[in-house]
Amino acid sequence: MSVLVYTESEEGKFKKIAFEAVSYAKGVADAMGTTVTAVTINGGNASELGTYGASKVLEVSNGELGQFNAEAYADVIAQAAKKEAAKVVVLTSSANSKFMAPLVAVNLEAGYVPNVTQLPVNISPFNVKHTVFTNKAFAVTEITTEIKVIGLAKNAFGLKENGVSTTAESFAPSLDTHDFDMKIVSVDKASDKVTIADAEIVVSGGRGLKGPENWGMIEELAAILGAATACSKPVSDMGWRPHSEHVGQTGKPVASNLYIAIGISGAIQHLAGINSSKVKVVINNDPEAPFFKAADYGIVGDAFEVVPQLIEKLKAFKAQNA
Amino acid sequence: MKILVCISHVPDTTSKINFTEGDTKFDTNGVQFVINPNDEFGLTRAMWFKEKQGATVHVVNVGGPETEPTLRKALAIGADEAIRVNTPATDGYSVAKQLAAVVKEGSYDLVIAGRESIDYNGGMVPGMLAKLTGANFVNTCIGIEVDGTSATVLREIDGGKETLSTALPLVIGGQKGLVEESDLRIPNMRGIMQARSKPLTVKDPVAATAETKSVSFEKPAPRGAVKLVDNVDDLVNLLHNEAKVI
Ligand SMILES: Cc1cc2nc3c(=O)[nH]c(=O)nc-3n(C[C@H](O)[C@H](O)[C@H](O)COP(=O)(O)OP(=O)(O)OC[C@H]3O[C@@H](n4cnc5c(N)ncnc54)[C@H](O)[C@@H]3O)c2cc1C
Ligand SMILES: Nc1ncnc2c1ncn2[C@@H]1O[C@H](COP(=O)(O)O)[C@@H](O)[C@H]1O
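What counts, and at which threshold
Residues numbered from 1 in each chain as written. Chains lettered and ligands numbered in written order. Predicted model: local features only at pLDDT ≥ 70, side-chain atom pairs only at ≥ 80, totals over all residues. Heavy atoms only, no water. Near = heavy atom within 4 Å. Polar contact = N/O pair within 3.5 Å; in protein donor to acceptor, adjacent residues only side chain to side chain. Areas by Shrake-Rupley, 256 points an atom, 1.4 Å probe, with all protein chains shown as cover. Helix = DSSP H or I, 4+ residues; strand = E, 2+ residues; numbered from the N terminus. Nonpolar A, V, L, I, M, F, W, Y, C, P; charged D, E, K, R; others polar. Domains from an automatic or database assignment. Buried area = accessible area lost by both parts, 1.4 Å probe. Salt bridge = Lys/Arg side-chain N within 4 Å of Asp/Glu carboxyl O. Pairing = 2+ DSSP bridges. Contact = heavy atoms within 4.5 Å. Axes fitted to C-alpha atoms, helices over the stretch in contact; angles between N-to-C directions. Buried < 20%, exposed > 50% of the residue type's maximum accessible area, 1.4 Å probe, protein only.

Caption draft 1: Inspection of the site of ligand 2 at higher detail. Residues and elements named next belong to chain B. Around ligand 2 there are 20 residues in total, and Cys6, Asp39, Ser117, Gly123 and Met124 lie nearest to it. The separation between an oxygen atom of ligand 2 and a polar side-chain atom of Asn36 is 3.0 Å. Gly114 has a polar backbone atom sitting 2.9 Å from an oxygen atom of ligand 2. With the chains in place, 94% of the 480 Å² that ligand 2 exposes on its own is no longer accessible. Taken together, the elements giving at least two residues each to the shell around ligand 2 come down to β6 (56-62), α3 (92-106), β8 (110-114) and α4 (125-133). A per-element tally of the shell around ligand 2 places β6 first, with 3 residues. The residue makeup of the shell around ligand 2, split by class, is 11 nonpolar, 7 polar and 2 charged.

Written out as structure tokens, the structure is:
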């Protein structure tokens, strides 16, 4: 028996969510009186996972798995779970995790709950708390199967150091041809940009910015903060910004530490997607904009005045704190 | 080509969410139900397959009789036939099991589902269905072309997109991008009239056990009032010293 956690990496380096997932898995394992085994695919240094509580690391290194492939990765994780007799499998809420979690769950005949925000409310029965209705509410759900698959919500648990001694062992899963039925033809990815999924800070613009030509200041503000850029739905519908930046109930979810909304009114569908961001700042010239009711900090003012000032101030602040 | 579009019947995006019976049930009182937005994009894409490549399009929902207006709407938009599997949608796995039986019986080449339903945000039905039926699966799908039995699929990935090639049968978890907002169709009078005479078959469920059980619901704690500041100096100070996010 153990808790198995899949630790995501990119180009041989673990992602921050991998450490968060291990921290969480350690919490689950402690509650169950067992230990954490991590499985990595072409991942980083196993000892880094020990810092957060993984006692054992199954390292898969396989050139055929160089690029994410849901079918094959799900197979690897399910095989690792079987080998470790895992009772709980911890995944994250990254796009890749959400893609493969249902495949892992069916393979293991395990019940799956995504968007889990905290340690299980109960171990027996196994009850987990998660967001539903696109962050408008929480639900507690019991997973009734012997093996449980959990998708941890981003930024919900944080990093917890739990230094344990770690043993790494190489793991060679058996893959079949069905695992490679999907061929990647091409990848089109801006490698220099922070993605909404990874970002600690997101700077988002709405229709109040009047046109795509005014996004220079949004990009500049984001660059100073090391932030990702995002937008409201009409902005991407009008083609001012790419689809991939549209956040909200029908777009991407944002779970960053800081969300700065500029010229966005705060419609219910927009707010649903950003509710799990920790701190929200609004810049809007209409004091009645609904977003002010959902924000932590606000400036009532014209974005075309406030944003340039904010950029200057942050430049000075960064220079001072460098 | 036979296409099945999976339609989830969900509260309209503007709905206020409330619970009843000691916070154990979603309160449907006064709630308007719609086709799940991700499914609406998929349905429109299916219409293009029908018009350009002569595909047959069926829609399916697993749920009680209350979902029939939503299925009728899909027929009015242009689907040829609708199927309702007569059992409450209790959890993602049991819904996927029901859909798998429909897919096997109808031998569909392409199943278009949504990336997730906006009610329970499970994002699990399409993947589970693919696994249960042995079909290929692409999630967060933002474009698809089919040529014979091979498909070229565009998938959104963090920070970009990826083009994949694969074979039918295929299940996709679709979203905006499959078609644009402006491509969505509003049923017109003719469509609504025609929908009345199109078949809506009610099927008995197959045996399927749920793997999860809903215990209770809770609304987020009300938040404190916004702190309004009138200059950027104060804002940066607060973000640094109080919120500690920069
Ligand atoms: C089915 C459905 C799904 C939807 N899903 C989403 C979703 O996922 N995400 C989403 O974002 N929306 C979604 N919407 C749309 C949503 O209802 C709103 O229409 C949208 O969020 C509004 O975008 P906005 O705030 O950019 O524009 P507006 O509502 O036009 O607001 C612009 C704001 O900018 C302010 N402003 C104007 N000029 C300035 C200035 N100079 N300086 C500062 N502020 C200024 C105005 O006061 C106003 O508050 C959905 C709608 C539907 C029907
Ligand atoms: N009860 C249902 N009946 C038919 N299709 C469904 C049902 N529930 C979910 N789906 C499909 O599966 C997708 C993802 O749903 P979910 O896994 O519930 O987030 C939806 O967008 C639908 O296409």
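Caption draft 2: Summary view of the domain arrangement of chain A. Residues and elements named next belong to chain A. Annotation of chain A at the domain level lists domain 1 (2-180) and domain 2 (201-320). Of the roughly 710 Å² buried between domain 1 and domain 2, counting both surfaces, carbon and sulfur atoms make up 39%. On the surface where domain 1 and domain 2 come into contact, there are 0 salt bridges. Along the contact surface separating domain 1 from domain 2 lie 4 residue pairs in polar contact (both at pLDDT 80 or more). Split into classes, the residues belonging to the side of domain 1 that touches domain 2 amount to no nonpolar, 3 polar and 2 charged.

Caption draft 3: Structural context of the sheet that holds strand β13 (residues 201-205) of chain A. Across the sheet, 6 strands lie side by side as β14(A)-β13(A)-β15(A)-β16(A)-β17(A)-β15(B); this open sheet has parallel pairing. The sheet is open, and its two edges are formed by β14 (228-231) of chain A together with β15 (227-228) of chain B, each paired on a single side. Sheet topology places strand β15 (residues 258-262) of chain A next to strand β16 (residues 279-284) of chain A; 5 bridges connect them, and they run parallel. Among the inter-strand pairings, Ile260(A) is bridged to a residue of β16(A), identified as Val281(A). Packed onto the sheet, helix α9 (residues 303-321) of chain A meets β15, β16 and β17 (297-300) of chain A and runs at close to 130 degrees relative to β16(A). Seen against the sheet, helix α6 (residues 232-242) of chain B touches β15, β16 and β17 of chain A together with β15 of chain B and runs at an angle of roughly 175 degrees to β17(A).

Caption draft 4: Structural context of the pattern of salt bridges. Under the counting rule described, the total for this entry stands at 29 salt bridges over all chains. Salt-bridge contacts for Arg241(A) lead to Glu245(A); the nearest nitrogen and oxygen are separated by 3.0 Å. Taking relative accessible area as the criterion, Glu245(A) reaches 5% and is therefore assigned buried. For Lys252(A), the salt bridge identified is with Glu156(B), shortest N-O distance 3.1 Å. Residue Lys252(A) is located in the loop between α6 (233-237) and β15, and its partner Glu156(B) is located in strand β10 (residues 150-157); the two belong to separate chains.

Caption draft 5: Spatial organisation of the site of ligand 1. Residues and elements named next belong to chain A. Around ligand 1, a shell composed of 27 residues is seen, among which Arg207, Ser232, Ser265, Gln269 and His270 lie nearest. Contact between ligand 1 and Arg207: an oxygen atom at 2.7 Å from a main-chain N or O atom of the residue. Contact between ligand 1 and Thr250: a nitrogen atom at 2.8 Å from a side-chain N or O atom of the residue. When the free accessible area of ligand 1 is taken as 1,000 Å², the share hidden by the protein chains comes to 78%. For the shell around ligand 1, the secondary-structure elements that each account for two or more residues are α6, α7 (268-274) and α9. When its residues are assigned to classes, the shell around ligand 1 shows 6 nonpolar, 16 polar and 5 charged.

Caption draft 6: Inspection of unusual backbone geometry at higher detail. Geometrically, the link from Ser124(A) to Pro125(A) is a cis peptide bond, its omega value of 0 degrees lying close to zero. Leu168(B) connects to Pro169(B) through a cis peptide bond whose omega is -5 degrees. Among the secondary structure elements, Pro169(B) is positioned in the loop between β11 (160-167) and β12 (170-174). If you check the backbone angles, Ala85(A) has positive phi at about 50 degrees while not being a glycine. Within the fold, Ala85(A) resides in the loop between α3 (70-83) and β6 (86-91). Overall, the relative accessible area of 37% leaves Ala85(A) in the partly exposed class. The backbone phi angle of Asp23(B) is positive, close to 60 degrees, even though this residue is not glycine. Within the element layout of this structure, Asp23(B) appears in the loop between β3 (19-20) and β4 (25-26). According to the relative accessible area criterion, Asp23(B) is partly exposed, its value standing at 38%.

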